[in-house]
Amino acid sequence: MTPIIWSIAGTDSGGGAGLAADQRAADALGVHCCTAVAGITAQSTTEVTHIEATPPAVLQAQLDTLAADMPPRAIKTGLLGSADNVRVLARFVDRLREQGPLALVVDPVLRASTGAALASAELLSAYRDWLLPRATVITPNQSEAVALLGHAAPEGIPAQARALRALGCGAVVITGGDAARLSHHASLSLDWLDTPQAQGWLSLPRETTPHNHGTGCTFASALAAALALGWVPADAAVLAKMAATFALRHARAVGRGVGPVIARSGFALEPSLLPQLSLDDTLPTAWQTRPRGRNPGVYAIVDSAERVEAVLRAQPPVDTLQLRMKRPTGLPDGAWHTQLHDAVARSQRAAQAAGVVLVINDHWQLALQAGARALHLGQEDLLALTPQDRAQLQAARAQGVMLGLSSHSLWELCRAAAMAPDLIACGPVWPTTTKDMPWLPQGLDNLAWWAHMAPAPVVGIGGILAPAQLQAVAEAGAAGGCVVRGLGPEPAQTLPAWQDAWGHGSASRPPGVVPMLPHPTLPA
């Protein structure tokens, strides 16, 4: 059944923002939008001449009627008109949550894009007391964030987001509507993301159009729709940014003033719309790009130098081989560093002699000391990098060292993209028992989407236990597929079958069938 969201917002007689924009955003993400009118505005592309709050009893009647037939998975709020309407909504959210999970996205519409004030001091207080503690996500721009915090507003957008979460919000996205405040980063559209899953600057190149009416409504409604589809807030924010930017690309002039953005489906199939997510609160200064790396094909992963040499005896040889060593329990630091250094150096010599790319997993500093020319980092290791570590890593890359990064979710893919890697791993494609993970399987559909959207070659990893699975990975459009347990005790004997499977899959790859949207990979 098609997911249902409710938009409780105002009408825009010019058809640009409010309920009109919310409906277009819901349609773009394939959910059904029910609309409850909380306020009526008389506005055009140039001015707002009148604002009238819907009487609380009328708002209550709309909500009661909808709940009896079309209960929502998510509610998005826009212009609410009065403190009384805020209280009606808050009590209704409590009532609905007694019956089951419900996401609440609060877009605190406090001022129209024309400059007209839409919120009184009483309404601001009602937001703070009634809505913020119930919100799954709030989506203010910086001016609205400061207004909500009042005299308690700290300096800096990340600190303001933390302060809003301290008021009870589950997650905060402070959107980049206040471009002037970040004028030294005018080439980028920057939103600050603060969720239980991830924090950082979510960025895309700024769209150069004078027509941006309804951008905030579109963003918040798309985020609510994504939550209704089962995405966690960090991933939902990624989809919302993509949808809102696509809507900006299709904005149009319809009067003498600022025209509306037009949300459309298909936004999630445009690779240029995949945002980048920073590792910390340092403002990005430029859009990170890098020429696409090589396609590894059969990507063998082993846990010792001896296994590296065993793989290298296979004919035909693999193109890429990863050494992934785990520290034995109880081994002292000194002994572990010596063991790892010796294994990397031995493996590197063997790989160079065979003309094979050797990738060292995780232990990047020791690997560089031992002469490694290719590294792979998981997301936890990526987040553990200090600014000095990142500078050292980027200096090595400038000298030709290749970097691969893991990803399991949309926000992890965006974080990987911000590092401009040579390779991105997508997993787990199928369930895997090699390590405990919270992630749902990506499946071949998500793998195809990753391969289409990622700014670097994508390898599938996880649960690839039979050559037929590797062939399917190739047919999905991946640049490589990781084989771990499937190598068996004698890789030289098993690898020819894996190589054949990859060759057949690459040769018979059908025209790419990429889903309009990927599916969630973390239970909401």
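These figures come from a predicted structure and were not determined experimentally.

### Section: the pairing of strand β18 (residues 480-483)
Line of reasoning, step 1. Side chains of β18 alternate between two faces, with Gly480 and Cys482 and Gly481 and Val483 buried alike.
Line of reasoning, step 2. Pairing analysis gives four bridges linking strand β11 (residues 297-302) to β18, with the strands arranged parallel. Residue pairing for β18: Gly297 is matched across the bridge by Gly480.
Line of reasoning, step 3. Traced from strand β17 (residues 458-460) through helix α16 (residues 467-475) to β18, the parallel crossover comes out right-handed.

### Structural notes on the environment of Cys414
Line of reasoning, step 1. Tracing the sequence through the fold places Cys414 in helix α14 (residues 410-417).
Line of reasoning, step 2. For Cys414, a relative accessible area of 0% puts it in the buried group.
Line of reasoning, step 3. Placed 156 residues apart in sequence, Cys414 and Val258 show a C-alpha to C-alpha distance of 31 Å.
Line of reasoning, step 4. Not counting the four nearest positions on each side in its chain, Cys414 is found in contact with Val238, Leu274, Pro275, Gln276 and Leu277.

### Digging into the nonpolar core
Line of reasoning, step 1. Counting residues in each nonpolar core, the largest one holds 113 residues, and the members touching the most others are Leu223, Phe267, Leu321, Leu375, Trp411 and Trp449.
Line of reasoning, step 2. With 12 residues, the single largest contributor to this core is helix α8 (residues 233-249).
Line of reasoning, step 3. In contact with Trp449, not counting residues within four places along its chain, are Met242, Ala268, Leu269, Leu274, Leu410, Leu413, Val514, Pro515, Met516 and Pro518.
Line of reasoning, step 4. With 45 residues, the next largest nonpolar core counts Ile75, Ala161, Ala163 and Leu190 among its residues.

### Remarks on the packing of aromatic side chains
Line of reasoning, step 1. All chains considered together, the criterion is met by four aromatic pairs.
Line of reasoning, step 2. Taking 5.1 Å as the distance between ring centres and 70 degrees as the angle between the ring planes, the aromatic pair formed by Trp192 and Trp201 counts as edge-to-face.
Line of reasoning, step 3. The exposure class assigned to Trp192 is buried, which follows from its relative accessible area of 4%.

### So, the environment of Trp231
Line of reasoning, step 1. With respect to the secondary-structure elements, Trp231 resides in the loop between α7 (215-228) and α8.
Line of reasoning, step 2. It is 41 Å that separates the C-alpha atoms of Trp231 and Gln369, two residues lying 138 residues apart in sequence.

### Side note on the sheet that holds β17
Line of reasoning, step 1. The strand order around the closed barrel formed by eight strands is β11-β12-β13-β14-β15-β16-β17-β18, and the pairing between neighbours is parallel. Ignoring which end each strand starts from, the neighbouring axes of this sheet average 25 degrees apart.
Line of reasoning, step 2. Pairing analysis gives four bridges linking strand β14 (residues 374-377) to strand β15 (residues 402-407), with the strands arranged parallel. Residue pairing in the sheet places Leu377 in a bridge with Leu405 of β15.

### Considering helix α15 (residues 443-453)
Line of reasoning, step 1. Burial runs high along α15: eight of the 11 residues are buried.
Line of reasoning, step 2. Among the residues of α15, those classed as buried are Gly443, Asn446, Leu447, Ala448, Trp449, Trp450, Ala451 and Met453.
Line of reasoning, step 3. Elements that come into contact with the buried residues of α15 comprise α8, β15, α14, β16 (423-426), β17 and α16.

Conventions used here
The numbers attached to residues start from 1 for each chain and follow its sequence in the written order. Owing to the predicted nature of the model, reporting of local features is limited to residues with pLDDT of at least 70; listing and counting of side-chain atom pairs is limited to 80 or more, with chain, interface and lining totals taken over all residues. Hydrogens and water are ignored here; the side-chain numbers use all heavy atoms of the structure. Throughout, exposure labels follow a simple rule: accessible area from a 1.4 Å probe, protein chains only, divided by the maximum for the residue type, with under 20% read as buried, over 50% as exposed, and the rest as partly exposed. Strands here mean DSSP runs of E at least two residues long; helices mean DSSP runs of H or I at least four residues long; both are numbered from the N terminus. Only strands joined by at least two bridges in the DSSP assignment are considered to pair. Place the viewer so that the strands point away; then a crossover is right-handed whenever the path from the first strand over the helix to the second strand goes clockwise. Pairs of residues are marked as contacts when any of their non-hydrogen atoms sit within 4.5 Å. We define the nonpolar core as a collection of buried residues of types Ala, Val, Leu, Ile, Met, Phe, Trp, Tyr and Cys that are connected through side-chain atoms lying within 4.5 Å of one another. Note on ring pairs: Phe, Tyr and Trp rings are taken, using the six-membered ring of Trp, and paired if centres are within 6.5 Å. Classes follow the plane angle, with under 30 degrees stacked, over 60 edge-to-face and the rest tilted. Axis definition: a line fitted to C-alpha atoms, limited for helices to the stretch in contact. Angles are taken between N-to-C directions and run from 0 to 180 degrees.

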